[in-house]
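A closer look at the structure
Listed below, chain by chain, are the residues.
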Amino acid sequence: MINSIDPAACTGCGTCIKTCPLDVFRLSTRQKEISPCMAACPAGVEIRHNNYLIQQGRVDEAMENFRRANPFPAITGRVCFHPCESKCARANVDAAVNINALEQFMGDFSAEQDEAPFVLRHLEKVAVVGAGPAGLSCAYYMASKGYAVTVYEAMPEAGGMLRYGIPAYRLPDQVVLAQVERLERMGVTFFYNTRIGTHADISLSELKKRGYKATFLAPGTTVSRRVELEGASLPGVFWGLEFLRSIRSGEAPALHGRVIVVGGGDVAVDAALSAVNLGAAEVHMVCLEDAGHMPAYPHNQADAEEEGIQIHHSFGPARILGPDRVTGMEFARCLSVMNAEGRFAPTFDNADTLTLDADAVIFAIGQATELEGFSRDVPVERGRFKADPVTFATPVWGIFAAGDAVTGPASVVQAIAGGREAAESMDRMLTGSDMAARRGEKAPVVPEDRLPGKNIPTLPRHERRPGTSAKPFAERKQGLELEVSFSEALRCMTCGSKSVVTYTDDCMTCFNCELHCPSDAIYVHPFKERFVRTLDQIEPAHEGKEMDHVRK
């Protein structure tokens, strides 16, 4: 039977579980040292624990655990930039685990499950302003804590950038709608076409009069940054966010011929791909940055290149050509994007130019917030709410803020994490606790020299398949199927976990675990009778080389 497991040698790779024919082992994934993938996740999702649960077919439990950090895996599984995968130790063996696809799988799988409404446990009412990712996240966690939550949204539908900024081929309408309907079933109330702020439909002071004891502000970034440029007012010139919003609102402009997209970020890529879907014969992207510093995430750049979009690096806009409407655009060579202090201050060589013919120009050079309606009630600095970086509390008691209106344009998962952290602070304020008390030091990460990888057999990574619909804005990729998801989860090496012998009496001394253990952490004694119900997992029980004859 199994005599001992050396905890210092065990890396938690899970090979013993995957090779034991009698299911003797389990993993302890809740360790002080967190996995590199979890450390890289802006929401702090326990990725190794989730993957371990999926390995066992316990998808419901994995979903429940996931939602402790992120309530919307069906959304982030489609639009997250998945920094976790860049830190996956599996990449040193073959390829990183497809964590993002497993996230989507959990979200889509749980969408078919019925859930009971949250139980109302507090008398205090909470208002959430803005139904984007930060606002929806805060609403979910406050409702889960037992508060009556009301969400006020200025647009006709909830979602913010999820609904009106991200194209449907990346995030279909029904995915966002399903999450909103789920929140409604859980007890959250939504009011649409309702602006909050000074001179709006309802002021912040009016919310207080209506009995809301805490208010969360998450209006997001709602307008495109504009640039003063010759020809910018010509017909055929569009602005990124407004252009994408018109498509999602069913008011897309008709495009033809050549379209130029100015910008190198993710909104610019979305605008370029959307232009292709709207009928543009040729699309060019022009950005200030060189190829190595283009701000769009690599997977989005790959999508643009796959669609045949031509990218011109290190050029900035000089003027738009055309007397009556757009006929082309002139660019100047960008010598540097940042100044010596690291601030955005591009410099150009106006003698080195690029001229492109065009039938339309789309500017996607940044986003901004519209906070004038809040500035009389809540401090605003440099176009952003002033909020504590730990508690997300503004200087005004009872008002909190997070998301792009605090951080500037950021990822969806960062906004979701901000909404969750703000909800924790709001709950602490309403219950009379210290809002900052729970924030401690970050958990240590498993050291690189103790990560699994040595002697691990290679396994192919499972990718999402192309979408099947020919419609222009249909979802581009299909999620992983059930069996494929289990296979992909089994590639996870659950870095930093510890192996535990859970069913000792089932061991039949087959030596599979010892022979396959990549770190030589398991010692099996050949005589089961001598070690009935005995297992020393604290100190290794190796004595000499009495097992050499077995290995030979």
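Brief notes about a positive patch on the surface
On the surface, a cluster of positive charge is contributed by R225, R343, R382 and R384. Examined against the element boundaries, R343 turns out to sit in the loop between β13 (328-338) and β14 (344-357). On the accessibility criterion, R343 (61% relative accessible area) is exposed.

Quick word on the sheet that holds strand β19 (residues 399-401)
Pairing within the open sheet is parallel, and its 5 strands lie in the order β5-β4-β3-β6-β19. If you trace the sheet from one side to the other, it starts and ends with β5 (189-191) and β19, each paired once. Taking the axes of each pair of neighbouring strands and ignoring which way they run, one obtains an average angle of 20° across the sheet. With 5 bridges joining them, strand β3 (residues 125-129) and strand β4 (residues 148-152) adopt parallel strand pairing. Residue A127 lies in a different strand from β4, and its bridge partner there is T150.

Here we look at the pattern of salt bridges
Going through the model one piece at a time under the given rule, you end up with 26 salt bridges. The salt bridge involving E61 is made with R58; its shortest N-O contact spans 2.7 Å. A relative accessible area of 37% places E61 in the partly exposed class. Look at R58 and you get partly exposed, because its relative accessible area is 31%. Here the salt bridges do not stand alone but share partners, grouping R90, D94, E488 and R491 into one network.

Structural notes on the sheet that holds strand β8 (residues 237-239)
Read from one edge of the open sheet, 5 strands run β8-β15-β9-β10-β11, paired in parallel fashion. Every interior strand has two partners, whereas the edge strands, β8 and β11 (310-312), have only one. This sheet shows a mean twist of 20° between the axes of neighbouring strands, independent of strand direction. One ladder, built from 4 bridges, connects strand β9 (residues 258-262) with strand β15 (residues 360-363); its direction is parallel. Looking at the pairing, V259 lines up with A360 of β15. Against the sheet, helix α13 (residues 266-277) engages β9, β10 (282-286) and β15, with an angle of about 170° to β10.

What to know about the pairing of strand β6 (residues 212-217)
Burial of β6 is extensive: 5 of the 6 residues sit out of reach of the surface. Pairing analysis gives 5 bridges linking β3 to β6, with the strands arranged parallel. Each residue of the ladder has a partner; that of V126, found in β6, is A214.

Let's talk about the nonpolar core
The tendency in soluble globular proteins is for nonpolar side chains to be buried as a group. With 44 residues, the main nonpolar core has M142, V149, F190 and F216 as its most contacted residues. Of all elements in the fold, only α5 (73-79), β3, α8 (133-144), β4, α10 (173-185), β6 and α16 (412-430) reach the threshold of two or more residues within this core. Membership of the second largest hydrophobic core comes to 27 residues, among which are A271, A272, A275 and I362.

A word on the packing of helix α4 (residues 59-66) against helix α7 (residues 99-110)
The N-to-C vectors of α4 and α7 enclose an angle of 105°; their axes lie 10 Å apart at closest approach. Taken together, the axis directions place α4 and α7 in an arrangement best described as roughly perpendicular. Contacts between α4 and α7 involve V59, D60, A62, M63 and F66 from the first element and E103, F105, M106, G107, F109 and S110 from the second. Taken together, the residues of the contact of α4 with α7 sort by class into 7 nonpolar, 2 polar and 2 charged.

A few points about the packing of aromatic side chains
Counted under the stated rule, the structure contains 12 aromatic pairs. Centroid distance Y140 to Y141: 5.0 Å. Interplanar angle 90°. Geometry classified as edge-to-face. As far as the burial class goes, Y140 and Y141 line up, both buried. With a centroid separation of 5.5 Å and 75° between ring planes, the pair formed by F374 and F385 is classed as edge-to-face. Separated by 11 residues along the polypeptide, F374 in the loop between β16 (367-368) and β17 (380-381) and F385 in strand β18 (residues 384-385) bring together distant segments of the chain. With relative accessibility at 3%, the residue F385 sits in the buried group. Grouping aromatic residues by their ring pairs yields a cluster made of F72, F118, Y140 and Y141. Between the NZ or CZ atom of K125 and the centre of the ring of Y212, over which it lies, the distance is 4.7 Å.

Details of the confidence of the model for the protein
Looking at the protein as a whole, its pLDDT mean stands at 92, while 95% of the residues score no less than 70. Contacts of residues 531-538 to residues separated by more than four positions or lying in other chains number 20 contacts, the stretch itself having pLDDT below 50. Here residues 541-552 is modelled with pLDDT under 50, and outside its nearest four sequence neighbours on either side it reaches 13 contacts, counting other chains as well.

Definitions and limits used
- Residues numbered from 1 in each chain as written.
- Predicted model: local features only at pLDDT ≥ 70, side-chain atom pairs only at ≥ 80, totals over all residues.
- Heavy atoms only, no water.
- Patch = residues over 30% accessible without salt bridge, like charges linked within 9 Å, V, L, I, M, F, W, Y side chains within 5 Å.
- Areas by Shrake-Rupley, 256 points an atom, 1.4 Å probe, with all protein chains shown as cover.
- Salt bridge = Lys/Arg side-chain N within 4 Å of Asp/Glu carboxyl O.
- Lys, Arg positive; Asp, Glu negative; His and termini not counted.
- Charge placed at Lys NZ, Arg CZ, Asp CG, Glu CD.
- Helix = DSSP H or I, 4+ residues; strand = E, 2+ residues; numbered from the N terminus.
- Buried < 20%, exposed > 50% of the residue type's maximum accessible area, 1.4 Å probe, protein only.
- Pairing = 2+ DSSP bridges.
- Axes fitted to C-alpha atoms, helices over the stretch in contact; angles between N-to-C directions.
- Contact = heavy atoms within 4.5 Å.
- Core = buried A, V, L, I, M, F, W, Y, C linked by side-chain atoms within 4.5 Å.
- Parallel < 35°, antiparallel > 145°, perpendicular 65-115°, else oblique.
- Nonpolar A, V, L, I, M, F, W, Y, C, P; charged D, E, K, R; others polar.
- Phe/Tyr/Trp six-rings, centres within 6.5 Å; stacked < 30°, edge-to-face > 60°.
- Lys NZ or Arg CZ within 6 Å of the ring centre and 35° of its normal.
- pLDDT = per-residue confidence, 0-100.

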